[in-house]
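# Tertiary structure, described
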Amino acid sequence: EIMNCSNFLRTLRIGAERLTSKDLQSISRFTRLESLAINESTGLHDEDIQKLLTLSFLSSLEVSSTHLTHAGFKLLSSLPHLRRLGLSCPRVNM
């Protein structure tokens, strides 16, 4: 089971049309992740970012579609090691 690797997994790339809240909750258990790429998704919202804040080692986040507001970017700024943020097709509301 992949969850048994939660302390060892450093990079995760996901191609999913729609990630559910449950999916994001599962991703949040990989607390040692350093790089996360969510491709082909229909969007990441501010409330989704809240679920990813457990990823305190995250240094790189790539998302193919977002619906983030200023509040969502502020949440991302609380990730202490985040140095690279890649957004393609963003729908940003500041």
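This part takes up the sheet that holds strand β2 (residues 35–39). Within the open sheet, the four strands sit side by side as β1-β2-β4-β6. Their pairing is parallel. Among the strands making up the open sheet, the edge pair consists of β1 (11–15) and β6 (84–87). Here the strands of the sheet are splayed against their neighbours by 5° on average, with no regard to which way each runs. For β2 and strand β4 (residues 60–63), the ladder comprises four bridges, and the chain directions are parallel. In the strand pairing of β4, L36 is matched with L61.

This paragraph deals with the side chain of D46. With respect to the helices and strands, D46 occurs in helix α2 (residues 46–52). The side chain of D46 is buried and forms no salt bridge, while K51, the nearest opposite charge, is found at 12 Å. From its side chain, D46 meets the backbone nitrogen of G72 in a polar contact 3.3 Å long. Beyond its immediate sequence surroundings of up to four residues, D46 is in contact with H67, L68, T69, A71, G72 and L75.

This paragraph deals with the pairing of β2. Burial of β2 is extensive: four of the five residues sit out of reach of the surface. With five bridges connecting them, β1 and β2 associate as parallel partners. Bridged to G15 within β2 is N39. Handedness of the crossover joining β1 and β2 through helix α1 (residues 21–27): right-handed.

Cut-offs used in this document
Residues numbered from 1 in each chain as written. Predicted model: local features only at pLDDT ≥ 70, side-chain atom pairs only at ≥ 80, totals over all residues. Heavy atoms only, no water. Pairing = 2+ DSSP bridges. Helix = DSSP H or I, 4+ residues; strand = E, 2+ residues; numbered from the N terminus. Axes fitted to C-alpha atoms, helices over the stretch in contact; angles between N-to-C directions. Buried < 20%, exposed > 50% of the residue type's maximum accessible area, 1.4 Å probe, protein only. Lys, Arg positive; Asp, Glu negative; His and termini not counted. Salt bridge = Lys/Arg side-chain N within 4 Å of Asp/Glu carboxyl O. Polar contact = N/O pair within 3.5 Å; in protein donor to acceptor, adjacent residues only side chain to side chain. Contact = heavy atoms within 4.5 Å. Right-handed = clockwise from strand over helix to strand, strands pointing away.

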